[in-house]
Amino acid sequence: MAATKALVVGSGVIGLRTALELLQRNVRVVLRSSFPPLHKSTCSIGAGGLWMPYKCDDSRIDKWASETLTELLQSLNNSNSNSVMDSPPIEIVPTVFLSTHHNGSDLPEWTKDTRLSFQHLTIEMLSWQNLVLKLRIPSEEDLLNAGYTHAWLFNPPVVDPPRMLINMMDEVQNHPLTESVDVEMDSPYDNMDEVVEDAIRYGCDSVINCSGLGAAGICNDSTLKGGRGILLHYDRSCSRREFNARGLKHDTCILTEEGEWAEHESCYMIPRGDKIVVGGSYNEEDKEQLISDRERQRLEKNAWTLGIDTAKAKPCDEWVGFRPSRSTVCLQVDNSFSPSGLQIVHSYGTGGSGWTVYSGIAKEAVNLLLEDK
């Protein structure tokens, strides 16, 4: 039986995009969530927004990432074609991923996508290209002295999560097939029995559970862990270092997970929207809700190293969040509630790749529900 009305649990990027996919396919939607999309506790709002598969070991991720890349680029092109619109919440940002060794012989599958203009370069080649590109990146001398010998250079989309979430939420709320939205539930779901009870009460014939880290409790999923992330936010117009080279003018994402700059944790900077986010960490054992003084000092050092003049620029905000991490993504049909007559699909556990796979995974979740394989 094809679904006609679905309860979607979760209002992060995957929950909202799943709701939109259902609406686009003429399925009525009831949306429920413990927190609204812009609440600081949600991983979607705090994420860097960079399209790049990260901390998600699942053989399906390349397909979902490619489909999401297609949607992001189409959205960007459509926005650029309409001059009366404000700048879209998506932009192409040159990205440099630094390495202390030659890592070009075993590249991830996604690097083969020609739309990214991916290159694997020595630091000398990167610096030579930058005579023309004028990217805001550390100098060749700084990179070599820190032990970096190679880099990936590519051109992915970066989203501005707050604006994207607002746009998606507005689209869900204003769609004629949306029957009810409550993203500040007085009594959040504690288990799937409560989800099923609500679905029946609202007259739904199906459920898609996109509750992210909340699924650990709702589904009693002990394999789901929170990968702690920490960020400092700087105003994008803040003072920058010139790295001994005048005329550097293009904002650049810079990332590394090894070497001197990432001795203990990952080190990265992502310009997105009107902010620059500086991180980071990915620790599944750390439950701390606040950034410690020691962590803040490390993030400020990262900001200086990657190009922010921290003598003149101070953070305007900070964020701590917990990515829904799992050995593989849980995207599957749940038949344990068949006697209720409900069709149930779970869709959670994308680690640090939510903004990279959100469209692809939403489409596949709805395909599972509608048996449109």
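Definitions and cut-offs
Residues numbered from 1 in each chain as written. Predicted model: local features only at pLDDT ≥ 70, side-chain atom pairs only at ≥ 80, totals over all residues. Heavy atoms only, no water. Core = buried A, V, L, I, M, F, W, Y, C linked by side-chain atoms within 4.5 Å. Buried < 20%, exposed > 50% of the residue type's maximum accessible area, 1.4 Å probe, protein only. Contact = heavy atoms within 4.5 Å. Helix = DSSP H or I, 4+ residues; strand = E, 2+ residues; numbered from the N terminus. Polar contact = N/O pair within 3.5 Å; in protein donor to acceptor, adjacent residues only side chain to side chain. Axes fitted to C-alpha atoms, helices over the stretch in contact; angles between N-to-C directions. Parallel < 35°, antiparallel > 145°, perpendicular 65-115°, else oblique. Left-handed = near helix turned anticlockwise from the far one by under 90°. Nonpolar A, V, L, I, M, F, W, Y, C, P; charged D, E, K, R; others polar. Patch = residues over 30% accessible without salt bridge, like charges linked within 9 Å, V, L, I, M, F, W, Y side chains within 5 Å. Areas by Shrake-Rupley, 256 points an atom, 1.4 Å probe, with all protein chains shown as cover. Salt bridge = Lys/Arg side-chain N within 4 Å of Asp/Glu carboxyl O. Pairing = 2+ DSSP bridges. Disulfide = S-S within 2.5 Å. Expected span 1.5 Å × (residues − 1). Arc of directions from axis to C-beta. Phe/Tyr/Trp six-rings, centres within 6.5 Å; stacked < 30°, edge-to-face > 60°. Lys NZ or Arg CZ within 6 Å of the ring centre and 35° of its normal.

Draft legend 1. Layout of the nonpolar core. In this structure, Leu-22, Leu-31, Trp-110, Ile-208, Leu-331 and Tyr-358 are the most contacted members of the largest nonpolar core, which totals 61 residues. Among residues more than four places away in sequence, those in contact with Leu-331 are Arg-60, Trp-64, Val-345, His-346, Ser-347, Ile-361, Glu-364, Ala-365 and Leu-368. Listed in part, the 31 residues of the second largest apolar core include Leu-121, Ile-137, Cys-238 and Val-320.

Draft legend 2. Fine view of the side chain of Glu-295. Note on placement: Glu-295 falls in helix 9 (residues 293-306). Look at Glu-295 and you get buried, because its relative accessible area is 16%. Within the local environment of Glu-295, its side chain forms a polar contact with the backbone nitrogen of Ser-292, the two atoms lying 3.0 Å apart. Residue contacts for Glu-295: discarding those within four places in its chain leaves Arg-228, Ile-230, Asp-286 and Leu-290.

Draft legend 3. A look at the packing of helix 1 (residues 13-24) against helix 10 (residues 354-370). The N-to-C vectors of helix 1 and helix 10 enclose an angle of 40°; their axes lie 8 Å apart at closest approach. It follows that helix 1 is oblique to helix 10 by the angle criterion. Crossing handedness for the pair helix 1 and helix 10: right-handed. In contact with Val-13, Ile-14, Arg-17, Thr-18, Glu-21 and Leu-22 of helix 1, helix 10 contributes Gly-354, Trp-355, Tyr-358, Ser-359, Ile-361, Ala-362, Lys-363, Val-366 and Leu-369. Taken together, the residues of the contact of helix 1 with helix 10 break down into nine nonpolar, three polar and three charged.

Draft legend 4. Examining a nonpolar patch on the surface more closely. A cluster of nonpolar side chains, Trp-128, Leu-131 and Val-132, forms an exposed patch at the surface whose accessible area comes to about 420 Å². Along the chain, Leu-131 falls in helix 4 (residues 123-133).

Draft legend 5. The arrangement of the pairing of strand 16 (residues 343-348) in detail. The element strand 16 is largely enclosed, with a buried count of six among its six residues. Pairing of strand 9 (residues 206-209) with strand 16, which is carried by four bridges, proceeds in the parallel orientation. Bridging from a neighbouring strand, Ser-206 pairs with Gln-343 of strand 16. Taken together, the five bridges between strand 15 (residues 330-334) and strand 16 define a ladder with antiparallel strand orientation. Counterpart to Leu-331 in the pairing with strand 16 is Ser-347.

Draft legend 6. Summary view of the sheet that holds strand 6 (residues 150-154). Pairing in this open sheet of eight strands is mixed, and the strands run 5-6-4-11-12-13-10-14 from one edge to the other. Of all the strands in the sheet, the pair left with one neighbour each is strand 5 (119-122) and strand 14 (317-325). Looking at each pair of strands side by side, their axes are set apart by 25° on average, direction ignored. One ladder, built from five bridges, connects strand 12 (residues 267-272) with strand 13 (residues 275-279); its direction is antiparallel. Bridge pairing in strand 13 links Ile-270 to Val-277.

Draft legend 7. Looking closely at the state of the cysteines. Under the counting rule described, the total for this entry stands at zero disulfides. Free cysteine Cys-219: the closest other cysteine sulfur is in Cys-330, separated by 6.7 Å.

Draft legend 8. Representation of helix 9 in the model. For helix 9, spanning 14 residues, the distance from its first C-alpha to its last is 20 Å, which sits close to the expected 20 Å at 1.5 Å a residue. For helix 9, every residue scored as buried is listed here: Glu-295, Leu-299, Asn-302, Ala-303, Thr-305 and Leu-306. Looking straight down helix 9, one finds that the buried residues subtend no more than 165° of arc, so they occupy a single side. Residues of helix 9 that are exposed and angled more than 90 degrees away from the buried face: Asp-293, Arg-294, Gln-297 and Lys-301.

Draft legend 9. Spotlight on the packing of aromatic side chains. Per the counting criterion, the structure on display carries ten aromatic pairs. Measuring from ring centre to ring centre gives 6.1 Å for Trp-110 and Phe-118, while their planes differ by 85°; the resulting arrangement is edge-to-face. Trp-110 sits in the buried class, given a relative accessible area of 8%. Exposure remark for Phe-118: the relative accessible area of 17% places this residue in the buried category. A centroid spacing of 6.0 Å and a plane angle of 35° characterise the contact between Phe-118 and Phe-154, whose relative ring orientation is tilted. Taken as a pair, Phe-118 in the loop between strand 4 (95-99) and strand 5 and Phe-154 in strand 6 lie far apart in primary sequence, 36 residues in all. With respect to class, Phe-118 is no different from Phe-154; both count as buried. Through successive ring pairs, a cluster of aromatic residues spans Trp-51, Phe-97, Trp-110, Phe-118, Trp-152 and Phe-154. The lysine or arginine in question, Arg-241, covers the ring of Trp-304, its NZ or CZ lying 4.0 Å from the ring centre.

By themselves these figures say nothing about function.
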